[in-house]
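# Coordinate analysis (summary)
Spelled out from the first residue to the last, the chains are:
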Amino acid sequence: MRALTAAAAAAVMLTACGSGGDEGGAGDGGNVTLNVNLFGNFGYEELYKEYEKANPNVKIKQSTAAYNDHHRNLATHLATNSGAGDIEAVDTGFIAQMRDVGKQFTDLGTERQSEYLPWKWQASLTKDGQQIGYGTDVGGLAICYRRDLFQKAGLPTERDKVSASWAGGWDKYIEQGQKYTAKAPAGTAFFDGAGALYNAVIGQAPVGFYSEDNTVVVGSNPEVRKAWDLVVRAVQSDLSAKLLESSPEWNNGFAKGQFATIACPAWMMAKIKDQSKNAAGKWDVAAVPGGGGNWGGSYLTVPKQGKHVQEAKKLAAWLTAPEQQAKVFTSKGLLPSIPALYEKPEIAEYKDPFFNDAPVGKIFTTAAKELKPQYQGPRTGDIQTTIRDGLVRIEQGKQSSDESWQQTVSDVERLAK
């Protein structure tokens, strides 16, 4: 994977992407600053240094916002044709929304189509064939868990035994949670919060919030309500730490060890490492209940309103090239969306010392190969947030399950109009 030097790899990518002048900015020969707007940890800091060394005329400035804030800001920038970065990350839950305004993004062409998982490529392709985003990663699903907390609660700690304990599905996961709660260390819960757990459960359904004709089916799809009822049962069994994903309290929950398990797509490993640096070796990774499923994954897009479109295209292509996706996986755990990498020993055989040398390469590449993608409609990300908010109302004792469900369905219907 590292046969090319950083400089040579960058040069190859720059040649492949062309060297025309920027639209609305300096040409390739001038000095440019590229603004990259992200959410979460994409693992790019060291890559930026490599790129800047190989391209002395380029400086990269990264800005990171909270998940929902980032996507709301991007939608506003597109609506006003002002304020977007040169590169904007987009989560899979929002890519369909951006597809619908695809003319506001630079067409990235078809040259790299054969590299990607077919469904990953298709998800960011507009109806008229414009490719608006290079895929960064895919989610897959596992369960990350705290070995030390399991041990204190008298549960098995070896990953094979942990996986086997809930291999029968989410009902078995709840049973394990009840066993944990009976002897839980003070101040800890079995999982972090209802919203994150729900995302994992619904991510295993063949149909989620939309049918493939872009009809919202939240109120009519029994899988959506089934996932809701399961998560509510887990909450009412007092298994939840009642933490809102990506909130300061959730981040603090990692640091203080306030929960023993978390639904864990590959990208979650970077968050765990960032927020619980004092727990290296205490975390481990087990199979997800029920097998398969997906939660998340992202894209890099290049808005047309950016100041340095051509340079931005080159950087986006380089950051998502196979060599860089491989580096991000072994440093941060983000699973590549380029399947040829799954057979590479440095990926397939990778073990992460932070997670007690768990074979995360095998766990997540296997999950990716078995992944059956769920169709994502234009407001998937917003619907996901609306359902999360409904579950939070139950966690906080503000509404019963049925009351919150009725409000949630009504809120989703308003979103879809």
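Residues numbered from 1 in each chain as written. Predicted model: local features only at pLDDT ≥ 70, side-chain atom pairs only at ≥ 80, totals over all residues. Heavy atoms only, no water.

## Focus on the nonpolar core
We count it as follows: Each nonpolar core is a collection of buried residues, namely Ala, Val, Leu, Ile, Met, Phe, Trp, Tyr and Cys, held together in the definition by side-chain atoms within 4.5 Å. The buried label applies to any residue whose accessible area, calculated with a 1.4 Å probe on protein chains only, is under 20% of its type's maximum; exposed applies above 50%, and partly exposed to all values in between. Helical segments are the DSSP runs of H or I of at least four residues, strand segments are the runs of E of at least two, and each set is numbered from the N terminus. Contact criterion: two residues are considered in contact whenever any of their non-hydrogen atoms come within 4.5 Å of each other.
Membership of the largest hydrophobic core comes to 123 residues, with the highest contact counts inside it found for Y198, I272 and W283. The leading source of residues in this core is helix 10 (residues 222-236), at eight residues. Contact partners of Y198, with chain neighbours within four places excluded, come to F209, V224, A227, W228, V231, I387 and L391.

## Quick notes on the state of the cysteines
The condition is simple: A pair of sulfur atoms, both from cysteines and within 2.5 Å, is called a disulfide here.
Summed over the entire model, instances satisfying the criterion amount to one disulfide. Paired through a disulfide, C144 and C264 show a sulfur-sulfur distance of 2.1 Å. Between C144 and C264, the S-S dihedral sits near -55 degrees, and the bridge is therefore left-handed. On the criterion of sequence distance, the pair formed by C144 in strand 5 (residues 143-146) and C264 in the loop between strand 7 (259-263) and helix 12 (268-275) is long-range, its members being 120 residues apart. C144 sits in the buried class, given a relative accessible area of 0%.

## Examining helix 10
We count it as follows: A helix is expected to span 1.5 Å multiplied by its residue count minus one. Nitrogen and oxygen atoms within 3.5 Å of one another constitute a polar contact, given that in protein one can donate a hydrogen and the other can accept it, and given that sequence-neighbouring residues count only through two side-chain atoms.
When the terminal C-alpha atoms of helix 10 are compared, their 21 Å separation across 15 residues agrees well with the 21 Å that a helix rising 1.5 Å per residue should span. Of all the positions in helix 10, only V224, A227, W228, L230, V231, V232, A234 and V235 are classed as buried. Residues of helix 10 that are buried sit in contact with helix 8 (170-182), strand 6 (189-191), helix 9 (194-202), helix 17 (380-395) and helix 18 (401-416). Structurally, the start of helix 10 carries an N-cap: the backbone nitrogen of E223 is 3.0 Å from a side-chain oxygen of N221. Of the residues flanking the end of helix 10, it is D238, one or two places downstream, whose phi is positive at about 65 degrees.

## Here we look at the pattern of salt bridges
Definition in use: Whenever a carboxyl oxygen of Asp or Glu lies within 4 Å of a side-chain nitrogen of Lys or Arg, that contact is scored as a salt bridge.
Under the definition given, this model contains 18 salt bridges. Measuring nitrogen to oxygen at the nearest pair gives 3.1 Å for the salt bridge that ties R112 to E115. On the basis of relative accessible area, R112 is assigned to the buried category, the value being 7%. Assessed through its relative accessible area of 26%, E115 is described here as partly exposed. Residues D352 and K273 are paired through a salt bridge, measuring 2.7 Å at the closest nitrogen-oxygen approach. Here D352 is found in the loop between helix 15 (345-348) and helix 16 (360-370), whereas its partner K273 is found in helix 12, with 79 residues between them in sequence. No difference in accessibility class separates D352 from K273, as the two residues are buried. Bridged by salt links that share partners, the residues R147, E158, R159 and D284 form one connected network.

Geometric descriptors of this kind do not, in isolation, establish any biological role.
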